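Here's the letter readout for the chains.
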Amino acid sequence: MNNTIRIAPSLLSADFARLGEEVRAVIAAGADLIHFDVMDNHYVPNLTVGPLVCQAIKPHATVPIDVHLMVKPVDALIPMFAQAGAGLISFHPEASEHVDRTIQLIKSFGVKAGLVLNPATPLYVLDHVIEQLDLVLLMSVNPGFGGQSFIESTLPKLEKARRLVDTAMKNTGREIWLEVDGGVKRDNARRVAEAGADTMVAGSAVFTGARNTAAYAEAIAGIREEALAGQRSLALETA
Ligand code: DX5
Ligand code: ZN
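Residues numbered from 1 in each chain as written. Chains lettered and ligands numbered in written order. Predicted model: local features only at pLDDT ≥ 70, side-chain atom pairs only at ≥ 80, totals over all residues. Heavy atoms only, no water.

Asker: For this particular structure, what's the right way to read the nonpolar core?
Answerer: Nonpolar side chains tend to gather and get buried jointly when the protein is soluble and globular. Residues Phe36, Val67 and Met200 are the most contacted members of the largest nonpolar core, which totals 70 residues. Examining the composition of this core, we find that six residues originate from one element, helix H5 (residues 154–172), more than from any other. Sequence-distant contacts of Val67, defined by excluding residues within four places in its chain, comprise Phe36, Val38, Cys54, Phe81, Ala86, Leu88, Ile89 and Ser90. (Core = buried A, V, L, I, M, F, W, Y, C linked by side-chain atoms within 4.5 Å. Buried < 20%, exposed > 50% of the residue type's maximum accessible area, 1.4 Å probe, protein only. Helix = DSSP H or I, 4+ residues; strand = E, 2+ residues; numbered from the N terminus. Contact = heavy atoms within 4.5 Å.)

Asker: Is there a simple way to think about the packing of helix H1 (residues 19–28) against helix H7 (residues 213–238) in this case?
Answerer: Helix packing for two helices is described by the angle between their axes and how far apart those axes are. The N-to-C vectors of H1 and H7 enclose an angle of 50 degrees; their axes lie 8 Å apart at closest approach. For the element pair H1 / H7, the angle class is oblique. Judged by the twist between their axes, the crossing of H1 over H7 is right-handed. Two secondary-structure elements touch here, H1 through Glu22, Ala25, Val26 and Ala28 and H7 through Thr213, Tyr216 and Ile220. Per-class residue counts for the contact of H1 with H7 are five nonpolar, one polar and one charged. (Axes fitted to C-alpha atoms, helices over the stretch in contact; angles between N-to-C directions. Parallel < 35°, antiparallel > 145°, perpendicular 65-115°, else oblique. Left-handed = near helix turned anticlockwise from the far one by under 90°. Nonpolar A, V, L, I, M, F, W, Y, C, P; charged D, E, K, R; others polar.)

Asker: Sorry if this is basic, but what is going on with the pattern of salt bridges here?
Answerer: Where charged atoms from two side chains of opposite charge approach closely, those side chains can pair. Under the criterion given, the structure shown has 13 salt bridges. We note a salt bridge from Arg162 to Asp198, for which the minimum N-O separation is 3.2 Å. Taken together, the residues Arg162 in helix H5 and Asp198 in the loop between helix H6 (186–194) and strand E8 (199–202) connect sequence positions 36 residues apart. Sharing partners across several salt bridges, the network here consists of Arg6, Arg162, Asp166, Glu175 and Asp198. (Salt bridge = Lys/Arg side-chain N within 4 Å of Asp/Glu carboxyl O.)

Here it is, written out as structure tokens:
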């Protein structure tokens, strides 16, 4: 696995009245990706933003936009988000009748494809598709809201996912990212990285404090420092 940690601030906790500024501020603060949560009040009990808002932030986003679709059905929105400038699009297997087809649809636009597993979704949904994916995203909260507590059973699940991702990377010679979403903070980032995550979504832990670039930079640096320590100890364990 790679020696790197990507931090993806979730705009769900940003100030929606100043989204462009917030995007520029977190990127200046060190964000590697912009995590964009799309909710439909059907697949999840909340309603957020669609392709128009993605398109509106795109000129401000000098890092890839990591679109997390919590919508059902999912296929019709994929071309729209591809055109709106998504760098990655992830979806939940429960929201697609044909998971393989949805992955191919995302990739047909030259966009990276991710599959998202809820806390209770078993890893075997990856069995026949993992080698086509660019991203495996494990939810560490039930999707729908920011600011929830990290579900601890994600850690052993991550360890198993790490092994599946490593095997798939070896077989394909391609990079596949292992991302975690929900309740990630400075005080658990070390354990999350030690369990194998290389990409971390953080909403409420980043958009905090004085809500300016300096505050975001401090939050991102704190998470990254802990995560890199976890990644180093994982590397020693597996060496
Ligand atoms: C939850 C979303 C998350 C959420 C993370 O459904 O997918 O991206 O915004 O927020 P925190 O980091 O506050 O748990
Ligand atoms: Zn998300």
